[in-house]
Amino acid sequence: MTNPRHNPEKTFVKPTTRRVLTKPRAWLGVLSVATLLTVCATPSFAADDAGDKLSNERWHERGYGLSLRPPLGATLQELTADDAVLRMASPEGYGVKVFIKKSKTDLTMPVIKRTAIDQLRTVYPDAVILSQDDNALAGRKGSTIYFGVVDNKDHKWVVGQALVLVDPRTVVMLQLDTSKELFDKVKPTYEAILASVELEPPQKLDERNGKLIEAGQAWLKSMPDSRIFRADKKERWYRIVLNNKDVGYMKQQSTEQEVMGKKGIRVDVQARIQIGDNAYDSLSNFFVSLDRTSEVWSVKTTTRAVENRKPVNDKSAPPNMSWVETGVRDGKSVSVVRQTPSGRDEAKWDIPDKGYVSAAEVYLIAPLLADAPPGELGYYAYFPATGKISLRTEKIERGGAAPVVVTSEPAPDQGEQVSWYKADGELIKRILPEGRTIEPATPGELKARWGLRD
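**Q** Please set out the overall build of the protein chain residue by residue, giving values where relevant.
**A** Looking only at helices and strands, the protein chain has 7 helices and 24 strands in total. In the protein chain, which comprises 454 residues, the share counted as buried stands at 48%. Sequence separation of 24 or more characterises 55% of the internal contacts of the protein chain that already satisfy a separation of 6 or more. For the protein chain, the exposed surface amounts to about 22,600 Å²; the carbon and sulfur share of it is 50%.

Structure, rendered in structure tokens:
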């Protein structure tokens, strides 16, 4: 049977496993109410006939080895606006969200439950606890709470919260949102989802990640540096499309350059994405020396109103906002400075002892993956969206004469992107976690569409 993932002309829907993860935030004291609603513990449920309503294909999260069986027919979305790592929307009218939250201090189940209840009642002061049970989920201690709530439109809902403490500072939360009318019908399916949850032991995660790093290092060492550090100076232009509508564009180019007395390769990426009434313009450049001992990068993003017809001196006109990040690595030491509308943040750390790839090389080796052997490989790389070095994984698939398919996960808590490449490494199409696609275009097409100047 032909694998639809090898046909970029077809709409890509990864079976029950589309991912959209977000960066975990400190849980206690910072967690939004909507997020905490998702939180309460996980019980030790026996799978019954409701298990037949679940997909046999498991959804997986790499960072903590979390997996579960989603409901049959549910739409899965990752990287959601409310920080859920996964949102499952059932055609029956209920939803289940999964959150992974980090705390700066050690947590206990009594504190987690008390915080969950308090924060829920901040939003719904009249919320009533229908039931509360301490159970186990995936072999860990947990708890499950069902609340009866009434929203601001006088609709009656049931919020079910299941929580498990993965480690002293990490909480997995699963939340059910359903109308009171559907609750009795939906509850067995929700609890079957909870019963399907599995968490890999840390030792297994370390072993698996180690094998991915070894495979990545073997592949990189198989290529001469002259192939990786090849700057063809060609401008590559791409359309950014959502629901068959152009919502942005991107230009990428690699050139030879000398920085701080060292020769190397610089990758420049310019992009614009329009979301609603706002446009987000970004200009990024990444440099790595040929001896790989130093790198420098800069990422600047500005948001502005797409159409602002108000006078410039009108105080009600939405202001432009900018985010600027600069990073420098000298040997093993990395320094990053982030300037945001809310302030300045600095961070320093050392790169991993093995398996590290510079931010510039992430772009340089992407087209070379079209020639990599089928299978999975990994390496450590800095990911600007999370502001940290993370394990990046690449899965290479081939289907006869079809294009090469590469599924990339830039970090364990980030969504997958799927790319189709020609044999020579030219990109055919890329699908991002949130559903946007990136497709090659000519400068003329984009200049006409976006009014760009030469």
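**Q** How would you sum up helix H3 (residues 180–196)? Please name residues and give values.
**A** When the terminal C-alpha atoms of H3 are compared, their 24 Å separation across 17 residues agrees well with the 24 Å that a helix rising 1.5 Å per residue should span. Where H3 bends most, at Val186, the angle is about 55°, and the proline Pro188 comes one to four residues later. For H3, the set of buried residues is Phe183, Val186, Thr189, Tyr190, Glu191, Ala192, Ile193, Leu194 and Ser196.

**Q** Give a detailed account of the sheet that holds strand E8 (residues 156–167), specifying residues and quantitative values.
**A** Sheet architecture is open: 7 strands sit in the order E3-E4-E5-E9-E8-E7-E6, paired in antiparallel fashion. Since the sheet does not close on itself, it has two edges, and those belong to strand E3 (75–77) and strand E6 (128–137), each with one partner. Sheet twist, expressed as the average angle between the axes of neighbouring strands with direction ignored, equals 15°. Here strand E7 (residues 140–150) pairs with E8 via 9 bridges, running antiparallel. Looking at E8, one finds that Ile145 is bridged to Gln161. Strands E6, E7, E8 and strand E9 (170–179) of the sheet are contacted by helix H2 (residues 109–123), whose axis makes an angle of about 15° with E7.

**Q** How would you explain the pairing of strand E17 (residues 333–340) if you had to name every residue and give the values?
**A** As defined by bridge partners, strand E16 (residues 321–330) adjoins E17 across 7 bridges and the pair is classed as antiparallel. Considered in E17, the bridge of Arg329 is made with Val334. The turn linking E16 back onto E17 is made up of 2 residues, and Gly331 within it adopts a positive phi angle of 70°. As defined by bridge partners, E17 adjoins strand E18 (residues 343–350) across 8 bridges and the pair is classed as antiparallel. Looking across to E18, one finds that Gln339 is bridged to Arg344. The hairpin formed by E17 and E18 contains 2 residues between the paired strands.

**Q** Can you explain the packing of aromatic side chains? Please cite residues and give values.
**A** Applying the stated criterion across every chain, the model contains 6 aromatic pairs. For the pair Tyr146 and Tyr190, a centre-to-centre distance of 6.2 Å together with 75° between the ring planes defines the contact as edge-to-face. With Tyr146 in strand E7 and Tyr190 in helix H3, the pair connects residues that are 44 residues apart, well separated along the chain. Across the pair, Tyr190 and Tyr146 agree in class, each one buried. Of the aromatic side chains, those joined through ring pairs into one cluster are Tyr146, Phe183 and Tyr190. Sitting over the face of the ring of Trp450, Arg449 holds its NZ or CZ atom 4.2 Å from the ring centroid.

**Q** Which residues make up the environment of Ala359, and what are the values?
**A** Its location among the elements puts Ala359 in helix H6 (residues 359–365). For Ala359, a relative accessible area of 5% puts it in the buried group. For Ala359 and Val288, which are 71 residues apart along the polypeptide, the C-alpha to C-alpha distance reads 7.9 Å.

**Q** Which residues make up the environment of Ser282, and what are the values?
**A** With respect to the helices and strands, Ser282 occurs in strand E14 (residues 278–289). For Ser282, a relative accessible area of 21% translates into the label partly exposed. For Ser282 and Lys300, which are 18 residues apart along the polypeptide, the C-alpha to C-alpha distance reads 5.5 Å. If we skip the residues at most four places from it in the chain, Ser282 touches Val269, Gln270, Ala271, Lys300 and Thr301.

**Q** Account for the pattern of salt bridges, naming residues and giving values.
**A** If you walk through the whole model with that rule in mind, you get 23 salt bridges. As a salt-bridge pair, Asp371 and Arg227 come within 3.4 Å of each other at their nearest N and O atoms. Placement of Asp371 in the loop between H6 and strand E19 (375–383) and of Arg227 in helix H5 (residues 225–228) is noted, with a sequence separation of 144 residues between them. Residue class for Arg227 comes out partly exposed when judged on its relative accessible area of 34%. Here Glu394 makes a salt bridge to Arg392, at a shortest N to O gap of 2.8 Å. Residue classification places Arg392 among the buried residues on the basis of a relative accessible area of 12%. Each of Asp225, Arg292 and Glu361 takes part in salt bridges that share partners, so that together they form one network.

**Q** Any chance you could break down the sheet that holds strand E10 (residues 198–199) for me, citing the residues and the numbers?
**A** Judged by pairing direction, the sheet is antiparallel, and its 3 strands sit side by side in the order E1-E2-E10 without closing on themselves. Sheet topology places strand E1 (59–61) and E10 at the edges, where each strand pairs with a single neighbour. Here 2 bridges tie strand E2 (residues 66–68) to E10, and the two strands are oriented antiparallel to one another. Residue pairing in the sheet places Ser67 in a bridge with Glu198 of E10.

Rules used throughout
Residues numbered from 1 in each chain as written. Predicted model: local features only at pLDDT ≥ 70, side-chain atom pairs only at ≥ 80, totals over all residues. Heavy atoms only, no water. Helix = DSSP H or I, 4+ residues; strand = E, 2+ residues; numbered from the N terminus. Buried < 20%, exposed > 50% of the residue type's maximum accessible area, 1.4 Å probe, protein only. Contact = heavy atoms within 4.5 Å. Areas by Shrake-Rupley, 256 points an atom, 1.4 Å probe, with all protein chains shown as cover. Expected span 1.5 Å × (residues − 1). Bend = angle between axes of the 7 residues up to and from the residue. Pairing = 2+ DSSP bridges. Axes fitted to C-alpha atoms, helices over the stretch in contact; angles between N-to-C directions. Phe/Tyr/Trp six-rings, centres within 6.5 Å; stacked < 30°, edge-to-face > 60°. Lys NZ or Arg CZ within 6 Å of the ring centre and 35° of its normal. Salt bridge = Lys/Arg side-chain N within 4 Å of Asp/Glu carboxyl O.

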